[in-house]
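One letter stands for each residue in the lines below.
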Amino acid sequence: MLWLSWLCDGALGGLSSSNGNASHISQQCLADFFQTLSTVLPGFDQTTTLQRPLSPRVLEISIALPSDSTLLSLRKNADIATFEQKWNVEAVFQNDTIYRRHKRLAVFDMDSTLIQQEVIDEIARHIGVEDAVSAITAAAMNGELDFEQSLRKRCGLLKGVPVTVWDDIRQLITPTPGAVELVKALKRLGYKTAVLSGGFTPVTGWFAQQLGLDYAFANHLVVAEDGQTLTGELTGEIVHAERKRQHVQEIATKEGILLEQVFCVGDGANDLPMMGVAGLGVAFRAKAKVQLEAPTRINSETLLDVLYLLGISKAEREQLLQ
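Residues numbered from 1 in each chain as written. Predicted model: local features only at pLDDT ≥ 70, side-chain atom pairs only at ≥ 80, totals over all residues. Heavy atoms only, no water.

Trainee: I'm lost on the sheet that holds strand 10 (residues 280–284) in this one. Help?
Mentor: What links the strands of a sheet is backbone hydrogen bonding, and the strands pair in either a parallel or an antiparallel sense. Read from one edge to the other, the open sheet built from seven strands follows the order 8-7-6-5-9-10-11, with strand pairing classed as mixed. Only two strands of the sheet have a single neighbouring strand rather than two, namely strand 8 (230–235) and strand 11 (296–298). Each neighbouring strand pair of the sheet contributes to a mean axis angle of 25°, computed without reference to strand direction. With four bridges connecting them, strand 9 (residues 262–266) and strand 10 associate as parallel partners. In the strand pairing of strand 10, G266 is matched with A283. Those strands touched by helix 11 (residues 241–255) are strand 5 (105–108), strand 6 (192–200), strand 7 (215–223) and strand 9, and its axis lies near 155° from that of strand 6. (Pairing = 2+ DSSP bridges. Helix = DSSP H or I, 4+ residues; strand = E, 2+ residues; numbered from the N terminus. Axes fitted to C-alpha atoms, helices over the stretch in contact; angles between N-to-C directions. Contact = heavy atoms within 4.5 Å.)

Trainee: What is the right way to read the pairing of strand 5 from this model?
Mentor: Within a regular beta strand, the side chains point alternately toward one face of the sheet and then the other, so they alternate between its two faces. Of the two faces of strand 5, the one carrying L105 and V107 and the one carrying A106 and F108 are both buried. Both strand 5 and strand 6 contribute to a ladder of four bridges, which runs parallel. Note that in strand 6 the partner of V107 across the bridge is A194. Where strand 5 lies against strand 9, four bridges are found, and the strand directions are parallel. Looking across to strand 9, one finds that L105 is bridged to V262. (Buried < 20%, exposed > 50% of the residue type's maximum accessible area, 1.4 Å probe, protein only.)

Trainee: Would you mind going over the environment of D45 with me for this structure?
Mentor: In this fold, D45 is placed in the loop between helix 1 (27–40) and strand 2 (50–55). Sequence separation between D45 and L186 is 141 residues; the distance between their C-alpha atoms is 36 Å. A distance of 2.6 Å separates a polar atom in the side chain of D45 from a polar atom in the side chain of T47. (Polar contact = N/O pair within 3.5 Å; in protein donor to acceptor, adjacent residues only side chain to side chain.)

Trainee: Just to check I follow, could you spell out the nonpolar core for this structure?
Mentor: Buried together is how nonpolar side chains tend to be arranged in soluble globular proteins. Among the nonpolar cores identified, the biggest contains 48 residues, and F108, L114, L186, F200, F263 and L303 are the most heavily contacted of them. Broken down by element, this core gets its largest block of residues, five residues, from helix 9 (residues 179–188). Listed in part, the 20 residues of the second largest apolar core include I25, V40, F44 and A91. (Core = buried A, V, L, I, M, F, W, Y, C linked by side-chain atoms within 4.5 Å.)

Trainee: What should I look at first to understand the side chain of R297 in this one?
Mentor: Along the polypeptide, R297 turns up in strand 11. A distance of 3.2 Å separates the side chain of R297 from the side chain of E84, its partner in a polar contact.

Trainee: Where do I start with a nonpolar patch on the surface in this structure?
Mentor: Judged by side-chain polarity, I98, Y99 and L258 come together as a nonpolar surface patch covering roughly 270 Å² of accessible area. Topologically, Y99 is positioned in helix 4 (residues 98–101). Judged by relative accessible area, which is 30%, Y99 ranks as partly exposed. (Patch = residues over 30% accessible without salt bridge, like charges linked within 9 Å, V, L, I, M, F, W, Y side chains within 5 Å. Areas by Shrake-Rupley, 256 points an atom, 1.4 Å probe, with all protein chains shown as cover. Salt bridge = Lys/Arg side-chain N within 4 Å of Asp/Glu carboxyl O.)

Trainee: Sorry if this is basic, but what is going on with the environment of I251 here?
Mentor: Tracing the backbone through its elements, the reader meets I251 in helix 11. Taking the C-alpha atoms as reference points, I251 and L105, separated by 146 residues in sequence, lie 8.7 Å from one another. Filtering out sequence-adjacent residues up to four positions away, I251 remains in contact with L105, A194, Y215 and F217.

Trainee: Sorry, what's going on with the confidence of the model for the protein here?
Mentor: Here the protein averages 88 in pLDDT, and 90% of its residues register 70 or above. In the predicted structure, residues 7–22 sits below a pLDDT of 50 and forms 45 contacts with residues beyond four places in sequence or in another chain. (pLDDT = per-residue confidence, 0-100.)

Trainee: Just checking my understanding: could you explain the packing of aromatic side chains for this structure?
Mentor: Aromatic rings considered in pairs are described by the distance between their centres and by the relative angle of their planes. Going through the model one piece at a time under the given rule, you end up with seven aromatic pairs. For the pair W206 and F207, a centre-to-centre distance of 6.1 Å together with 50° between the ring planes defines the contact as tilted. Given a relative accessible area of 24%, W206 falls into the partly exposed group. Relative accessible area serves as the criterion here: at 4%, F207 is assigned to the buried category. One aromatic cluster is present, built from ring pairs that chain together F33, F34, F44 and F83. (Phe/Tyr/Trp six-rings, centres within 6.5 Å; stacked < 30°, edge-to-face > 60°.)

Trainee: How should helix 10 (residues 201–211) be read in this particular structure?
Mentor: Because each turn of an α-helix spans 3.6 residues, side chains separated by three or four positions end up pointing in the same direction. Those residues of helix 10 not exposed but buried are V203, T204, F207, A208 and L211. The arc that holds every buried residue of helix 10, seen down its axis, measures 125°, which confines them to one face. Along its buried surface, helix 10 packs onto helix 5 (119–127), helix 8 (165–170), helix 9, strand 6 and strand 7. One or two steps after helix 10, the chain reaches G212, where phi turns positive at roughly 80°. (Arc of directions from axis to C-beta.)

Trainee: Help me understand the environment of S26, please; the structure alone is not making it clear to me.
Mentor: Turning to its location among the elements, S26 is positioned in the loop between strand 1 (2–5) and helix 1. Between the C-alpha atoms of S26 and W87, which are 61 residues apart in sequence, the distance is 9.9 Å. Here the side chain of S26 touches C29 through a polar contact of 3.1 Å, landing on its backbone nitrogen.

Trainee: So what exactly am I meant to see when it comes to unusual backbone geometry here?
Mentor: Note: most residues except glycine have negative phi, and most peptide bonds are trans. At N88, a position not held by glycine, the phi torsion is positive, near 55°. With respect to the secondary-structure elements, N88 resides in the loop between helix 3 (78–87) and strand 4 (92–95). Looking at N88, the relative accessible area reads 36%, which means it is partly exposed. The phi torsion at R285 lies on the positive side, around 45°, for a residue other than glycine. The topology assignment puts R285 in the loop between strand 10 and helix 13 (288–293).

Okay, structure coming up:
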């Protein structure tokens, strides 16, 4: 069996409503989906499917998957991609096991995932080195620098910056829509929660406290002996892609949680390893390459929609947030 849902965005082809605003999945869209599956999965029988609406715009469908098919093959199938583009929907495929609905650990990236900002960019703008940081970022994108090299070069630009910069940056931080509510809902369900960031502890640790997260890991910047300025150097472990993956495994082991009961959410390439080791990996409003490589992805306006991927309906979501 597998599980599929889709999230529909705006007044688009797959949706219809009496007042002209998009509100539900149309029968034409659903019929086209089943036709697409018939092409992709020889022998597919629509009558064996089970459907459960999670909201007017999200539908959960269970179907039998032939033994020679895989979720990855469906995820990257050209016909399914064409269907998604035609109706502007997102198909999310998961194995329908006991652990799909019963996750116990949620792990998040921070920049552009839990928060709307990229902290290093905000610092660069604040101290007037935005162009220099952009040049280092471009070099990393071109493969001239790896993550750690680019991070150390960017941190070097912070030499002599007053430690009060963190107070200023915290004032600029805004949570991603739905982030606060999502954590609240997960905590009511008994989840352990964590944030793993390639940013810096004075911001990541502070924000984790604001949300009440159980774990927070980020990079440590050295403070000068006078306690007044940053040296531009890093100390301790670097939270890069592989370290994020290791942190997920270590937290799960410490809490006695199976990796199948973990879900990870991020937006960058350095989040892919932790997504891959978790039972559910979600690229949220991610870069194009990350969306192609991630196990699942959603591009909705609110992080709270991640709950749909856990099989939690809109009514159940509202109950959790009361």
